[in-house]
Amino acid sequence: MTLEELSRFNGKNGAKAYVAYKGLVYDLTSSDMWEEGEHQGSHEAGVDLTEAMGDAPHADDVLKNFRVVDKLVDSSSKILRPKQEAIVEATEPLSTKETLSAKEKWHNWYQIYHPHPVTAHFPIVLHFFAAAMDIAFFFSPVEKFEQGTYYAFLAATLLGLFAMSAGVLSWWVNYNFSMIRALVIKLYTAIFTLIVGMIGIYLHIIDPMIAYKDSIGAIFYHFSILITVPSVIILGYYGGRLTWWRAKTSDEETNFNAPKPNHSKTVVLSQNDFTIMIGGSAGSGIKTIEDLLTHTFVSMGYSIFSTKEYMSRVRGGSNTVQIRISDKDIRSAKWKPDLFLGLDEASLLHVKERIGDDTLVIGGQNESFSNHLKISLQEEAKKHVSKQLVNTFAAGMLFALLKLPKEVLEESLKKRFKEDMHEANIKALQEGYMYAQTQKSEIKKLPVVDKSRDKEVHYIDGTTAAGFGFLAGGCNSVTSYPMSPSTGVLAFLAGMSKEFDIAVEQAEDEIAAFNMALGVWYGGGRGLTTTSGGGFALMSESMSLSGMTETPMVVYLAQRPGPATGLPTRTEQGDLNLALYSGHGEFARLILAPGDALEAIELGHLAFETADRFQIPVVYLSDQYLADSVQSIPKVDFELFSQNRYISKSESDYLRYKLNDSGISERSIPAYGEGLVCCDSDEHDERGQITELYKVREAMVQKRKHKLEQLRDAAIAPRIMGDGDIAIVGWGSTKGAISEAISLLDNSRLAQIHFSWIYPLKKEHLLKLHDTKHIIVVENNSNAQFADLLKLNDIKVDATILQSNGFAFFSDTLVEKIAQKVREL
Amino acid sequence: MNKEFMRHDTDNAWCPGCGNFGILNILTEVLQELEVKKQDIVFVSGIGQAAKTPHYLDVNMFNGLHGRALPVATGIKMANPELIVVAEGGDGDMYGEGGNHFLSAVRRNVNIVHIVHNNMVYGLTKGQASPTSQREFKTKVQVNGVSNEPFNPILTALSLNASFVARAYMQNKEHTKGILKAAFLHKGYALIDIFQPCVTFNSLNTYEWFSQNSYMMDENEHDILDISSAMDRARETHPFALGIFYKQERKTFEEYLWSDKKSPKSLHVKKHDIKEIQKQFDRYTIY
């Protein structure tokens, strides 16, 4: 195989672990030293290690134990092999977690008590002591030196036995009796030390006065005592080298998540991030703690991502917030947190299935987890301060556990909380901090802040981002009927109506909301309506009116799971077909779906520009997940957003629907020029007056259809990342999760193709899909609605990954789903 | 007769003798006498025979969906408060399909003229009961006669504290003109329910029936500032009272909308200040 082919066998996520050495390719998949394709935290499978072997602490004969599977050939002389073949080999089933074997149990035990380092230091010290006493004896042959030498040597040798037994255990559980150089040296040296020790003791037992004599036996006796010093130095040196190897090769601080010689066969995500989840009832203050923590972590220089899932109720229930902390940008949520703070018992029941073996759980007494601080946070808060302050108490605990300075949190609290709240909350925070310091809990270190990052980091949620996009698009009116999860945009623009000229009205229903916005556009404004699926269903007729009268329109449709009332506060991408097919009759429309916060702004602007330019309704599809998640965003230069106006002054002979080549007639507004502006929902002639002349009808149908083609030409291409032959295709809010999952899979065959301009699709933009061997569509719905749209465009979809449980895709679980589908191709 | 506001290049679809003609004539005369510029007037309508009126007028027009004229009219006033906006339609359009919008428009006090042609029947769909159909009125659908209580738009509007409520009968031309003119001059929402016979589908509520079942309120006997007596009059049926029931000046929707700043003449002429957007963005996003 070629180097390129070799790189696919990187040992990750079920792929085999191959390495090349001196022209041969070895299969190291079975080696415990190469779990997840990584060796000692410094080498990765899938590459040629010929040069690296020279620096290895072991000889190349370690490879003798492994099977040679192929020869490494120069890519220029490679014989083409179908890529499929490679992936079949590369994707052996991921072994899911089995019950712990005896070895794995010992491994766990060893990790906690690490007996070898504990026992090894005594014999080392005693061997040194014995040798020192013996040297003293040479200078002053008195009995106390002789006795000291002998008993120290005796103790050293006996304790050495224990150290050796522990060493053998370590050799087994941690290194699988691997014959790497350091271990082999340690083994021989230890045996030598033991034998020499036993001979020395034996000589002393036969002749207790041997130290004073001049015999060969006496020389050997003294020699045995002195020679063990260099031998324990060798033992200690290689022991230290094995232990500290990783620290030497990479920065210890950043290495908190380096693969341990782990027994777990599940997918290990090696990412520099830490995921905190906080659970509690509605109204218990988890929103406050989320706000405090995200701001504090950002002030410390971390990059954060936060998301929430909540029940459709104002009080009680179980809600969670998730905060991911990293040294780089993150744009997706995880299923399993590293740390879970349960403010009440119910929250633990709620997240039970999301707690992994490595998750540190703080709080809750009814449930049990492997890594669990079993306390009632509310009781502890009550004991130290008061039950109401459980959220800041918990925040203090969290900072202590993460070994972060509490002063930063206090500063942040002072900035975020009202002044009369400071004293009590800071006390709660300090009490929590101190309390946690008394608790024994192991926790991963946080990633190190990347100081080179741009100082000016911006954070925004999808709701606010959409709002700014609409503002940039010149939106100056919003008329809506409140509906979760869309209401945030209505509230944002209402809040902005003091700074900008924005006409805001809460309509009596969605039908009125849409029709008011049409009135706004007709009158010269740029109107928006915000809604969710149920409300949009009511707007269906108005979509058609916008299409027929060619009155521009923008609808912000934040999806939630249906049908009917569905799950009002949760997420889904289930309304694509609704947006696509809403409204009777045939007319042009645009559907946009932002994939992240930056796109949320850009598409907000584009929605208004395109609606105005083509005189069509535009549906901006967001969802609860995107709307409620906070992510980093680069600084946006609003000067770059064009502020075009497409309204023309009318002449006295103005015709609203004048036929021309483009299908787009000049749009004027009342009282702007000498003409009259007549719009009609009936089929109309160029003047906007009712007609039933079939030729006029035909011309008008073609006019509206022609607009669709013009619009198609203006389409934005999907984002293509990577050039693999398996395309993971998504649309809208799944962008971040798919992107993270692909980067975790680290399989060069995978490429991400992501759509944010959903309809109408342009043929040229689908060429990449035609060229791609396999297509897997990822959608947050159960009917694969976008895959259907692709099929209508003659795209062959090989597989779909669908989810409609009310959650967005999590990067850590999506990894496994993609790996599974890739195997099945 | 000067018909400056009459449109001559469209084909009228009403039946000969339809009461709508009378209303159309009155409207053109009122608009002319008010000396308004036709470019400044927008007629918004829904669907129905009455909703076709804007097609026959030489003004700006938005002929939308059945029942939806009021929200569109509201939106137009939001975008450009200086336009004279009229929402016009029939009883089925405005009180039936658009009933919810009617309630809200009254409450909002949008500065529009709301003209409802009330012929107590559905004309466009050929003769079914409308919300204002009288009990016992038989149709092909209501075969045993209408059983629902007729909708009382006057009393409903009064109960919502409407700022101008009137009823007219198109046959009383000068009376109707006077009321319409007052409605146009009124600042705030003005409802004019206009009786109008349907000669084809309503054989019960004929010209004669309307004449016999209505009377003009004496201006000296009815205090249009007194809502209680207005409500008493509104409760009267057979005969129905005609004239302005009630009138009050109160803050309009548009005045509330732009209360904390100077109302822009039209949203069209203003653009958002990009620097202000940038400033707000930084304020929101820098943690």
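Residues numbered from 1 in each chain as written. Chains lettered and ligands numbered in written order. Predicted model: local features only at pLDDT ≥ 70, side-chain atom pairs only at ≥ 80, totals over all residues. Heavy atoms only, no water.

Q: It is not clear to me how the side chain of A:Glu550 should be interpreted in this structure. Could you clarify?
A: Within the fold, A:Glu550 resides in the loop between helix H19 (540–549) and strand S16 (553–559). Relative accessible area serves as the criterion here: at 0%, A:Glu550 is assigned to the buried category. (Helix = DSSP H or I, 4+ residues; strand = E, 2+ residues; numbered from the N terminus. Buried < 20%, exposed > 50% of the residue type's maximum accessible area, 1.4 Å probe, protein only.)

Q: Help me understand the sheet that holds strand S3 (residues 84–90) of chain B in this model?
A: By definition, the strands of a sheet pair up through backbone hydrogen bonds, in either a parallel or an antiparallel sense. Taken in spatial order, the nine strands line up as S20(A)-S2(B)-S1(B)-S3(B)-S4(B)-S6(B)-S5(B)-S8(B)-S7(B) in an open sheet, and their pairing is mixed. Looking at strand neighbours, the two that pair on one side only are strand S20 (678–680) of chain A together with strand S7 (214–216) of chain B, the edges of this open sheet. Geometrically, the sheet is characterised by an average inter-axis angle of 20 degrees between neighbouring strands, direction not taken into account. Direction of pairing for S7(B) relative to strand S8 (residues 240–247) of chain B: parallel, over a ladder of three bridges. From the neighbouring strand, B:Met216 faces S8(B), where its bridge partner is B:Leu242. Along the sheet, helix H8 (residues 227–235) of chain B contacts S7 and S8 of chain B; its crossing angle with S8(B), the most-contacted strand, is approximately 160 degrees. (Pairing = 2+ DSSP bridges. Axes fitted to C-alpha atoms, helices over the stretch in contact; angles between N-to-C directions. Contact = heavy atoms within 4.5 Å.)

Q: Explanation requested: helix H27 (residues 811–824) of chain A in the structure shown.
A: Helical geometry note: an α-helix holds 3.6 residues per turn, so side chains three or four residues apart project in the same direction. Residues and elements named next belong to chain A. For H27, which comprises 14 residues, the first-to-last C-alpha distance of 20 Å matches the rise-based estimate of 20 Å (1.5 Å per residue) to within 8%. Listed as buried for H27 are Ser811, Asp812, Leu814, Val815, Ile818, Ala819 and Val822. The arc that holds every buried residue of H27, seen down its axis, measures 155 degrees, which confines them to one face. (Expected span 1.5 Å × (residues − 1). Arc of directions from axis to C-beta.)

Q: Looking at this model, I keep getting lost on the environment of A:Ile205. Mind explaining?
A: Residue and element names in this part refer to chain A. Relative to the assigned elements, Ile205 resides in helix H7 (residues 181–206). Residue classification places Ile205 among the exposed residues on the basis of a relative accessible area of 56%. Sequence-wise, Ile205 and Glu698 are 493 residues apart; in three dimensions their C-alpha atoms are separated by 117 Å.

Q: Mind showing me how you'd approach the packing of aromatic side chains here?
A: The relation between two aromatic rings is expressed through the spacing of the ring centres and the mutual angle of the planes. With the rule as written, the count across this model stands at 36 aromatic pairs over all chains. Between the aromatic rings of A:Phe220 and A:Phe223, the centroid separation amounts to 6.0 Å while the plane-to-plane angle is 50 degrees, which identifies the pairing as tilted. Here A:Phe220 and its partner A:Phe223 are both found in helix H8 (residues 216–249), three residues apart, which amounts to about one turn of the helix. The partly exposed category is assigned to A:Phe223, whose relative accessible area is 41%. Centroid distance A:Phe470 to A:Tyr620: 5.0 Å. Interplanar angle 65 degrees. Geometry classified as edge-to-face. Here A:Phe470 is found in helix H15 (residues 462–472), whereas its partner A:Tyr620 is found in strand S18 (residues 617–623), with 150 residues between them in sequence. Taken as a pair, A:Phe470 and A:Tyr620 share a single burial class, namely buried. An aromatic cluster of three or more residues is present, and its members are A:Phe468, A:Phe492, A:Phe638, A:Phe641, B:Phe281 and B:Tyr284. A cation sits over an aromatic face here: A:Arg354 above A:Phe807, 5.5 Å from the ring centre. The ring of B:Tyr256 has B:Lys251 sitting right over it, with the charged end atom 4.4 Å from the ring centre. (Phe/Tyr/Trp six-rings, centres within 6.5 Å; stacked < 30°, edge-to-face > 60°. Lys NZ or Arg CZ within 6 Å of the ring centre and 35° of its normal.)

Q: Could you clarify how one ought to interpret the sheet that holds strand S23 (residues 750–755) of chain A in this entry?
A: Residue and element names in this part refer to chain A. Across the sheet, which stays open at both edges, the five strands sit in the order S21-S23-S22-S25-S26 with mixed pairing between neighbours. Where the open sheet ends on each side, the last strands, each with one partner, are strand S21 (719–721) and strand S26 (799–802). Going from strand to strand, the sheet's axes swing by 20 degrees on average, the running direction of each strand aside. Across four bridges, the pairing between strand S22 (residues 726–731) and strand S25 (residues 774–779) is parallel. Each residue of the ladder has a partner; that of Val729, found in S25, is Val777.

Q: Help me out: how do you make sense of the interface of chain A and chain B in this one?
A: Interfaces are frequently sized by the accessible area removed from exposure as the parts join. Opposite the 77 residues of chain A that make contact, chain B presents 56 residues. For the pair chain A and chain B, the summed buried area comes to about 5,700 Å², and 60% of that belongs to carbon and sulfur atoms. For chain A, the biggest contributors to the area lost against chain B are A:Asp501, A:Glu508 and A:Leu676; these three give 12% of the whole. Our enumeration of links across chain A and chain B arrives at seven salt bridges. Counting residues per element, the side of chain A that touches chain B draws most heavily on helix H17 (residues 510–523) of chain A, at eight residues. Within the side of chain A that touches chain B, the residues separate by chemical class into 37 nonpolar, 24 polar and 16 charged. Note that S20(A) and strand S2 (residues 60–63) of chain B share three bridges and pair parallel. Bridge pairing links A:Asp680 to B:Asn63 in S2(B). (Buried area = accessible area lost by both parts, 1.4 Å probe. Salt bridge = Lys/Arg side-chain N within 4 Å of Asp/Glu carboxyl O. Nonpolar A, V, L, I, M, F, W, Y, C, P; charged D, E, K, R; others polar.)

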